[in-house]
Amino acid sequence: MPDTIQKEMTLNEKLNILSDAAKYDVSCSSSGVERKGDGTGTGNCSKAGICHSFSADGRCISLLKILFTNECIYDCKYCINRSSNDVRRASFTPDEICTLTMEFYRRNYIEGLFLSSGILKSPNYTMELIYAALYRLRHVYNFQGYIHVKAIPGADPALIRLTGYLADRMSVNVELPTAEGLKLLAPHKSRKNILAPMRLVQNQMAENKQEITLYRNAPRFVPAGQSTQMIIGATPESDYQILNVADALYKKFELKRVFYSAFVPVNKDKALPALLDNKPPLLREHRLYQADWLLRYYHFEAHELLDEENPNFNILLDPKCCWALRHLDIFPVEINQADYRVLLRVPGIGYKSAGRIVKARRMGTLSFEDLKKMGVVLKRALYFITCSGKTMYPIRIDEDYITRNLLNTKERLPEGADGMTFRQLSLFDDVNFSGVNGL
């Protein structure tokens, strides 16, 4: 069947089908690796990043994001490419992948390739085709740019290992947060088969680091690490469960990123949830990304952000503000004395701003004006900090008071900052926001 389709379709038609089918895979992540070309091939790898987004150095960059094929032997209920769906199917050949990548690169449209795939015939057969495409791209076309590729669960470990030496980053999608959810919506897949290649990549990366210390010119295995993706909202797990799964993946498999993809109802099935107005839970996805950032850069633990009594994120405030409001006993903190990790927990202070504060205060006492110049978001931070023992304005360390002001985005100054002691009644006066859960 795939051979018949390939003969009838032009390369442009395949590209339209397989680039559109790839849009549901969000784990197209920045590489975090820099590799200069040796002058004999085409391109280099300079910390490439997400499709049509920004890299760590501020550049707007893009990757060619495609599926090798949208043929699939599995019938996952949430997937547009499941075997029971009547959709137009297409498959690339390894040479077509190479042609597309090189032509797009030469025209300066892309800086690298993101290659995912459905399962054609079998995991091994699909992984062999992906390996063949990457091998030709690296050794026949001499492409030295960034490549992110999917490791196919259930494929021969030797094939995954060989492919890893050709790619900069690999990813294995866990698909759904729990084994129960996977059994419900993707019964042909198993958590064991998904975690096996993830562990393989982790172990091989550790071995490769030892090889490089002994032999400088040893080939590098997945130098940018691995990532994964979870679909959010297709199964009934709480944010607390999802965040604990992500935290475990970071700690046990040393992942670079966990991506959260809001469930998009592309299929009709009684096992799938009915969404409000048929819209993906994008705000919930956003809150999970914010919490994920706190885990990776701000030294938070999953159990600090949520618990069984409060299993979902507040829809009105970001996770860091919610945590601070539940721990007002430690605030306000003195900017000129607080430890770096304490500064990281102050709403409005990022990890870069915290670093600048620690360095700058060695030279003298910092003021609120200094903090503003360092990038601190004072409209949030002013409720939680002091400079030389003084707050920026007369404020109250009270949960309802701070919550009301944080939500009142139109008002630049807190109540009482202009000297007025009276205020108009608010609809939120009797609302306990600490108990409001996420979607």
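Structure first, text after, so check above.
Because the structure is predicted, anything quoted here is derived from the model rather than measured.

Whenever I open this one, the overall build of the protein confuses me. Can you help?
From N to C terminus, the protein includes 16 helices and 12 strands. Across the protein, contacts joining residues at least 24 apart in sequence account for 66% of those joining residues at least 6 apart. A total accessible area of about 21,900 Å² is found for the protein, and carbon and sulfur atoms account for 51% of it.

I'm lost on a nonpolar patch on the surface in this one. Help?
Residues L283, I315 and L316 make up a contiguous nonpolar surface patch of roughly 210 Å² in combined accessible area. As for its position among the elements, L283 is in helix α9 (residues 282–297). Note on L283: relative accessible area 35%, which makes it partly exposed.

Looking at this structure, I do not really get the sheet that holds strand β9 (residues 226–232). What am I missing?
Strand order in the open sheet made by the 6 strands is β5-β6-β7-β8-β9-β10, with parallel pairing throughout. The outermost strands of the open sheet, each flanked by one partner alone, are β5 (64–67) and β10 (257–262). Between one strand axis and the next, the sheet turns through 20 degrees on average, direction left out of account. Sitting on the sheet, helix α4 (residues 123–139) is in contact with β6 (112–116), β7 (146–150) and β8 (169–171), with an inclination near 170 degrees to β7. Across the sheet, α9 touches β9 and β10, and the angle it forms with β10 is around 170 degrees.

Before we go on, may I ask you to explain the pattern of salt bridges in this structure?
Two side chains carrying opposite charge are able to pair once their charged atoms lie near each other. Summed over all chains, the structure comprises 15 salt bridges. The partner of E103 in a salt bridge is R106, with the nearest N and O atoms 3.4 Å apart. A residue pair is termed a helical-turn pair when its members lie 3 or 4 positions apart in one helix, as E103 and R106 do in helix α3 (residues 94–106) at 3 residues. Judged by relative accessible area, which is 31%, E103 ranks as partly exposed. One salt-bridge network, held together by shared partners, links K77, R82 and D269.

Explain the pairing of β10 to me, please; I cannot follow it from the model alone.
Along any regular strand, the residues point their side chains to alternate faces of the sheet. The element β10 is largely enclosed, with a buried count of 6 among its 6 residues. Sheet analysis places β9 next to β10, joined by 6 bridges and oriented parallel. Each residue of the ladder has a partner; that of S227, found in β10, is R257. Between the parallel elements β9 and β10, the chain passes through helix α8 (residues 239–253) in a crossover that is right-handed.

Mind showing me how you'd approach the side chain of T178 here?
Locating T178 in the fold gives a position in the loop between β8 and α6 (179–185). Taking the relative accessible area as the measure of exposure, T178 reaches 15% and is therefore buried. Each residue touching T178, except ones within four places of it in the same chain, is listed here: R191 and E237.

What should I look at first to understand the packing of helix α7 (residues 191–214) against α8 in this one?
Between two packed helices, both the angle of their axes relative to each other and the distance between the axes serve to describe the pair. Remark: α7 packs on α8, axes separated minimally by 10 Å, with the N-to-C direction vectors making an angle of 40 degrees. By the angle between their axes, α7 is oblique relative to α8. Contacts from L195, M198, R199 and Q202 of α7 reach α8 at L249, K252 and F253. For the contact of α7 with α8, a count of residues per class yields 4 nonpolar, 1 polar and 2 charged.

Which parts of the structure should I look at to understand the state of the cysteines?
Here, the word disulfide means a covalent bond between the sulfur atoms of two cysteines. Tallied over the entire structure, the rule returns 0 disulfides. The structure places no disulfide on C76, whose sulfur is separated from the nearest cysteine sulfur, that of C79, by 6.1 Å. C76 gets classed as buried once you look at its relative accessible area, which sits at 5%.

Would you take a moment to explain the packing of aromatic side chains for this structure?
Within a pair of aromatic rings, the relevant descriptors are the distance that separates the centres and the angle that separates the planes. Here the structure, examined in full by the defined rule, presents 11 aromatic pairs. When the centroid spacing of 5.1 Å and the interplanar angle of 10 degrees are considered together, the rings of Y297 and Y351 count as stacked. Placement of the pair is Y297 in helix α9 and Y351 in helix α13 (residues 351–360), with a sequence separation of 54 residues. Residue Y297 is classed as partly exposed on the basis of its relative accessible area, which comes to 32%. Ring centres of Y298 and Y351 lie 6.1 Å apart, and the angle between their planes is 85 degrees; this geometry places the pair in the edge-to-face category. Pair noted here: Y298 is in the loop between α9 and α10 (302–305) and Y351 is in helix α13, with a separation of 53 residues, a long-range link.

Looking at this structure, I do not really get the pairing of β9. What am I missing?
For β9, the buried fraction is high: 7 of the 7 residues fall into the buried class. The side-chain alternation of β9 yields two buried faces, one formed by Q226, T228, M230 and I232 and the other by S227, Q229 and I231. Here 2 bridges tie β8 to β9, and the two strands are oriented parallel to one another. The residue of β9 that forms the bridge with S171 is S227.

So, how was this worked out
- Residues numbered from 1 in each chain as written.
- Predicted model: local features only at pLDDT ≥ 70, side-chain atom pairs only at ≥ 80, totals over all residues.
- Heavy atoms only, no water.
- Helix = DSSP H or I, 4+ residues; strand = E, 2+ residues; numbered from the N terminus.
- Contact = heavy atoms within 4.5 Å.
- Areas by Shrake-Rupley, 256 points an atom, 1.4 Å probe, with all protein chains shown as cover.
- Patch = residues over 30% accessible without salt bridge, like charges linked within 9 Å, V, L, I, M, F, W, Y side chains within 5 Å.
- Salt bridge = Lys/Arg side-chain N within 4 Å of Asp/Glu carboxyl O.
- Buried < 20%, exposed > 50% of the residue type's maximum accessible area, 1.4 Å probe, protein only.
- Pairing = 2+ DSSP bridges.
- Axes fitted to C-alpha atoms, helices over the stretch in contact; angles between N-to-C directions.
- Right-handed = clockwise from strand over helix to strand, strands pointing away.
- Parallel < 35°, antiparallel > 145°, perpendicular 65-115°, else oblique.
- Nonpolar A, V, L, I, M, F, W, Y, C, P; charged D, E, K, R; others polar.
- Disulfide = S-S within 2.5 Å.
- Phe/Tyr/Trp six-rings, centres within 6.5 Å; stacked < 30°, edge-to-face > 60°.

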